[in-house]
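Below, each chain spelled out in residue letters.
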Amino acid sequence: MMLPSPSRALQNQQPLIGSDMFRLKQTEPRGLRLVVAATAKYKGTKMREEKLSEMIVEKVKEATEVCEADVRSEECKVAWDEVEEVSQARADLRIKLKLLNQDPLESFCQENPETDECRIYED
Amino acid sequence: MAVSTIYSTQALNSTHFFTSSSSSKQVFFYRRQTNRRFNTIITCATQQTVVIGLAADSGCGKSTFMRRLTSVFGGAAEPPKGGNPDSNTLISDMTTVICLDDYHSLDRTGRKEKGVTALDPRANDFDLMYEQVKALKSGIAVEKPIYNHVTGLLDAPELIQPPKILVIEGLHPMFDERVRDLLDFSIYLDISNEVKFAWKIQRDMAERGHSLESIKASIEARKPDFDAFIDPQKQYADAVIEVLPTQLIPDDNEGKVLRVRLIMKEGVKYFSPVYLFDEGSTVSWIPCGRKLTCSYPGIKFNYAPDSYFDHEVSVVEMDGQFDRLDELIYVESHLSNLSTNFYGEVTQQMLKHADFPGSNNGTGLFQTIVGLKIRDLYEQLIANKETAPAEAAKA
C-alpha cells in the first residue's frame with residue numbers, strides 16, 4: 001500500500017519557493033502523515049517507537065516553555081538538545097527497521113522469547 | 001589473530017644486537033649446527049589495531065557512512081548479539097564501531113542539572129575514552145559503558161574485544177589531544193546549516209511533536225555549543241567531507257541536490273589523495289555532453305589544490321546527481337588514485353547500498369571513496385608492521 005510522503009503532502013499545500021516555505025501550515029491533516037512501511041517485529045520495539053514519539057511531543061513542549069523566558073539561557077539550550085537527542089533516537093530506530101530490516105530486539109528475543117517484550121507485534 | 005614472522009639472524013655468540021618492540025613475544029630456537037652459522041628465531045607480534053576517528057553530528061550506530069565503510073571490508077556490521085539491545089556498538093568481521101556517546105560522564109538528568117548539552121566537553125569522560133581506545137589499540141579488551149539514548153541513562157558496560165579496525169564515531173573524536181594522537185586516520189563530516197536544516201526537516205516532519213519552528217529552534221539553540229566545541233575539530237581531520245547546497249539550481253532550498261567537497265590533507269602517511277586528470281592542477285569538468293547524457297541539473301566536478309587551516313590540501317568537488325549507472329561508472333573511470341582493487345569497485349559499492357541516502361550524489365560517492373582509502377591505509381600499515389621486525393634483524 002503506497003502512502004503519500006510528506007513532501008508530496010506539502011506540495012499539495014503550497015509550492016516550496018524561497019520564503020514561501022515558512023508560510024506552510026504547521027499541522028498537517030492526519031490523513032496525509034507518513035507512516036513507516038516496515039514496522040516493528042516485536043512488541044517491545046513497537047513500545048519503544050511509541051515511547052520515543054511521545055517523548056518528542058513532551059520535550060518540544062517543555063523546550064518551548066523554558067525558552068519563552070530566555071532563549072539564550074542554559075536551560076533553553078539543554079531543553080532543545082534533549083529534543084534533538086530523542087528525535088535522533090527515533091530516527092535511528094526508524095532507519096534500522098526500514099532500511100536495514102533489523103529489529104533491535106531480534107537477538108535478545110531469540111534468547112528470551114517468553115518475555116512480554118518479545119511477543120510478535122501484530123497491527 | 002597473531003602475525004608471525006620467521007627469520008634468521010646471525011649466531012648469538014657474535015656481537016650482534018637487535019631490539020624488539022614491547023608488544024612482540026619472541027621464541028628462541030637455538031640449534032647448534034657445525035655447517036651453519038645461523039639460528040632461527042620465530043617472532044610473533046601481537047595484533048595492532050588501526051584506529052579511525054569520525055566526527056559527525058548525526059547520532060551513532062546507524063550512520064550510513066559507517067555502513068558503507070564496514071561494507072568495503074566485507075560483511076555487514078551488526079550490534080553485538082545477546083547483549084543490551086540499546087547498545088550503540090556495531091561489529092563486523094574486521095571492524096568494530098564505537099559510539100563516543102558511551103563516554104558521557106553525565107546522563108540526561110545529570111546534564112539537565114548541570115545545565116550542559118551533550119556537545120559540551122564537561123559532559124564527557126575523555127580520560128576514560130583515552131584509556132580504553134589506547135587499550136583496544138594495544139590489543140586489550142575493555143569493558144565499555146553504554147549510554148542508552150532511549151532512557152538517557154548509563155547502562156551496564158559491555159565487553160569489547162580489540163578488532164583489526166576500530167572506528168570511534170561521535171561528536172568528539174578529535175577533541176582530546178591524547179585521543180587524537182591515537183588515531184591513524186580521521187574524518188570530519190561538515191554539513192552546512194542550510195543542508196542540516198533540510199535534512200532535519202526530512203527526518204522530523206513526520207513526527208507529530210515537531211513543526212518547522214521546533215526544528216529550527218532546536219538547530220539554533222545547539223549552534224553556540226556546536227560552533228564552540230565540535231566545529232574546531234575539523235582543522236585536525238585528515239579528510240573533511242563538506243556538504244553544501246547545490247550551485248546548479250538557483251535559489252534551491254530543498255536540499256535534495258547537493259554540492260559535496262572532499263578535502264584531503266596532503267602529506268598524511270599511507271594516504272594518497274584522489275585526483276582528477278592531472279595531480280596538483282586545477283580542473284573543472286562537466287562529464288555530461290556527447291558521450292554521456294545526463295538529466296537536469298547534471299553533474300559538475302572540480303579539482304584543485306588549496307589551503308585549509310594552514311594545511312595544504314587537495315579538494316575534489318561534485319555538484320549534482322547521478323541518475324543512471326553509466327554516469328557513475330563514467331565518473332569513476334576518470335578519477336585517479338581511488339585505491340580500488342578492480343575497475344568499477346566504487347560503482348559496485350554504491351550499488352550495494354543504492355537505497356541509502358546519498359547514493360546518487362557526492363555524499364555516497366565520497367564516503368565510499370574514503371572507505372577505500374581507509375582499506376588502503378590499513379593494508380599498508382599492516383604490511384609495514386610485518387616488515388619492521390625483519391628489518392630490525394637486518395640492521
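That block above? That's the structure.
Values in this document were obtained by computation on a predicted structure and should not be read as measured data.

Asks: Can you break down the overall build of chain B residue by residue, with the values?
Replies: What chain B contains, in helices and strands, is nine helices and 17 strands. When the 395 residues of chain B are sorted by exposure, 55% land in the buried category. Residue pairs in contact within chain B that sit at least 24 positions apart in sequence constitute 66% of those at least 6 positions apart. Within the structure as shown, chain B displays about 17800 Å² of accessible surface, and the carbon and sulfur contribution to it stands at 52%.

Asks: Lay out the environment of G267 of chain B with the relevant residues and their values.
Replies: Inspection of the secondary structure assignment puts G267 of chain B in the loop between strand 12 (258–265) and strand 13 (275–276). Remark: the alpha-carbon pair of G267 of chain B and H311 of chain B, spanning 44 residues in sequence, is separated by 9.5 Å.

Asks: Provide a residue-level description of the sheet that holds strand 14 (residues 283–285) of chain B, including the pertinent values.
Replies: Picture the strands of a sheet paired through backbone hydrogen bonds; they go either parallel or antiparallel. Residue and element names in this part refer to chain B. The sheet built from 10 strands is open, its strands ordered 5-6-9-4-10-11-12-16-15-14 with mixed pairing. The open sheet has two free edges, formed respectively by strand 5 (90–91) and strand 14, since each of these has just one partner strand. Inspection of the sheet shows strand 4 (residues 50–55) paired to strand 9 (residues 165–170) by six bridges, in the parallel sense. If you follow G53 over to strand 9, its bridge partner there is I168.

Asks: Tell me about the state of the cysteines, and please be specific about residues and values.
Replies: For the coordinates displayed, the defined rule picks out three disulfides over all chains. The disulfide bridge from C109 of chain A ends at C118 of chain A, spanning 2.0 Å between sulfur atoms. Looking along the S-S bond of the C109 of chain A-C118 of chain A disulfide, the torsion reads about -80°, which is the left-handed sense. Of the residues examined, C109 of chain A reaches a relative accessible area of 5% and is grouped as buried. Its relative accessible area of 6% is what places C118 of chain A among the buried residues. One disulfide in the model links C288 of chain B with C294 of chain B; its S-S distance is 2.1 Å. What sets the handedness of the C288 of chain B and C294 of chain B disulfide is the S-S torsion sign, and at about -95° it is left-handed.

Asks: Outline the interface of chain B and chain A, supporting the account with residue identities and numerical values.
Replies: On the chain A side, the residues contacting the 49 residues of chain B number 43 residues. Of all residues in chain B, R203, E207 and R208 of chain B bury the most surface against chain A, accounting for 15% of the area lost on that side. For R94 of chain A, the salt bridge is made with E207 of chain B, and the minimal N-O distance between the two is 2.7 Å. Taken together, the connections running from chain B to chain A amount to 17 residue pairs in polar contact (both at pLDDT 80 or more). Elements supplying a minimum of two residues to the side of chain B that touches chain A: helix 2 (108–114), helix 5 (193–204) and helix 6 (212–230) of chain B. Of all the elements, helix 6 of chain B adds the most residues to the side of chain B that touches chain A, at nine residues.

Asks: Give a description of the packing of helix 1 (residues 64–72) of chain B against helix 8 (residues 345–352) of chain B that names residues and reports values.
Replies: Angle between the axes and distance between the axes: these two values describe a pair of packed helices. Residue and element names in this part refer to chain B. In contact at an axis separation of 11 Å, helix 1 and helix 8 are set at 130° when each is read in the N-to-C sense. Classified by the angle their axes make, helix 1 and helix 8 are oblique. For the pair helix 1 and helix 8, the crossing hand works out as right-handed. Within the contact between the two elements, helix 1 uses R68, S71 and V72 and helix 8 uses Q349, M350 and K352. Among the residues forming the contact of helix 1 with helix 8, the class breakdown is two nonpolar, two polar and two charged.

Asks: So what about a negative patch on the surface? Which residues, and what values?
Replies: On the surface, E266, D278, E279 and E312 of chain B cluster together into a patch of negative charge. Taking the relative accessible area as the measure of exposure, D278 of chain B reaches 38% and is therefore partly exposed.

Asks: Mind laying out the pairing of strand 10 (residues 185–191) of chain B, listing which residues take part and the relevant values?
Replies: Residue and element names in this part refer to chain B. Across the seven residues of strand 10, seven count as buried, placing the element largely inside the fold. Both faces of strand 10 are covered, namely the face carrying F185, I187, L189 and I191 and the face carrying S186, Y188 and D190. When strand 4 meets strand 10, the two strands line up parallel, connected through four bridges. The partner of L54 across the bridge, within strand 10, is I187. Where strand 10 and strand 11 (residues 239–245) come together, five bridges link them in parallel fashion. Of the residues in strand 11, the one forming a bridge with L189 is I241.

Asks: Hey, could you go over the packing of aromatic side chains for me, with residue numbers and the actual values?
Replies: Residue and element names in this part refer to chain B. For the structure on display, the rule yields seven aromatic pairs over all chains. On the numbers, 6.2 Å between centres and 90° between planes, the contact of F73 with Y378 is edge-to-face. Of this pair, F73 sits in the loop between helix 1 and strand 5 while Y378 sits in helix 9 (residues 362–394), and the two are 305 residues apart along the sequence. In this structure Y378 comes out as buried when scored by relative accessible area, which is 11%. Each ring, one from F185 and one from F271, has its centre 4.9 Å from the other, and the planes form 65°; the classification is edge-to-face.

Asks: If you had to explain helix 5 of chain B to someone new, which residues and values would you point to?
Replies: Given 3.6 residues per turn, any residue in an α-helix points the same way as the ones three and four places further on. For helix 5 of chain B, which comprises 12 residues, the first-to-last C-alpha distance of 16 Å matches the rise-based estimate of 16 Å (1.5 Å per residue) to within 8%. Looking only at helix 5 of chain B, the buried set comprises V195, K196, F197, A198, K200, I201, R203 and D204 of chain B. Lining the buried residues of helix 5 of chain B we find helix 3 (74–98) of chain A together with strand 10, helix 6, strand 11 and strand 12 of chain B.

Quick notes on the rules
- All residue numbers here refer to positions counted from 1 along the written sequence of the relevant chain.
- Think of it this way: whatever chain is written first is A, whatever ligand is written first is 1, and the rest follow in order.
- For a predicted model such as this one, the threshold for reporting local features is a pLDDT of at least 70, and the threshold for listing and counting side-chain atom pairs is 80 or more; totals across whole chains, interfaces and linings nevertheless cover every residue.
- In computing side-chain properties, one takes all heavy atoms of the structure into account and sets aside hydrogens as well as water.
- Numbering of helices and strands runs from the N terminus; a helix is a DSSP stretch of H or I covering at least four residues, while a strand is a stretch of E covering at least two.
- The rule is simple: take the accessible area with a 1.4 Å probe, protein chains only, and divide by the maximum for that residue type; under 20% is buried, over 50% is exposed, in between is partly exposed.
- Contact definition: two residues touch when any of their heavy atoms are within 4.5 Å.
- Residue burial considers only the protein chains on display, and all accessible areas are found by Shrake-Rupley using a 1.4 Å probe.
- Strands qualify as paired when DSSP identifies two bridges or more between them.
- Cysteine sulfur atoms that pair up within 2.5 Å are treated as a disulfide.
- Accessible-area loss on putting two parts together, using a 1.4 Å probe and summing over both, is the definition of buried area adopted here.
- One side-chain nitrogen of Lys or Arg within 4 Å of one carboxyl oxygen of Asp or Glu is enough to make a salt bridge.
- Under the rule applied, a polar contact is a pair of N or O atoms within 3.5 Å (in protein, one hydrogen donor and one hydrogen acceptor; residues adjacent in sequence only if both atoms are side-chain atoms).
- All axes are obtained by fitting lines to C-alpha atoms, using only the stretch in contact for helices, and the reported angles, taken between N-to-C directions, cover 0 to 180 degrees.
- Comment on the angle field: the value is read as roughly parallel under 35 degrees, roughly antiparallel over 145, roughly perpendicular from 65 to 115, and oblique elsewhere.
- In this scheme the handedness of a crossing depends on how the near helix is turned from the far one: anticlockwise by less than a right angle means left-handed, clockwise means right-handed.
- For this scheme, ten residues count as nonpolar: Ala, Val, Leu, Ile, Met, Phe, Trp, Tyr, Cys and Pro. Four count as charged, namely Asp, Glu, Lys and Arg, and the remainder, Gly too, count as polar.
- Put simply, a patch holds well-exposed residues, over 30% relative accessible area, that have no salt bridge, with like charges counted together within 9 Å and Val, Leu, Ile, Met, Phe, Trp or Tyr side chains within 5 Å.
- In this tally, Asp and Glu contribute negative charge and Lys and Arg positive charge; neither His nor the terminal groups of the chain are included.
- Taken as the charge location is NZ of Lys, CZ of Arg, CG of Asp or CD of Glu.
- Pairing of aromatic side chains requires ring centres within 6.5 Å, counting the rings of Phe and Tyr and the six-membered ring of Trp. Pairs whose planes differ by under 30 degrees are stacked, by over 60 edge-to-face, and all others tilted.
- Under the convention used throughout, the expected extent of a helix is 1.5 Å for every residue step, that is, one less than its residue count.

Just geometry here; none of it tells us what the structure is for.
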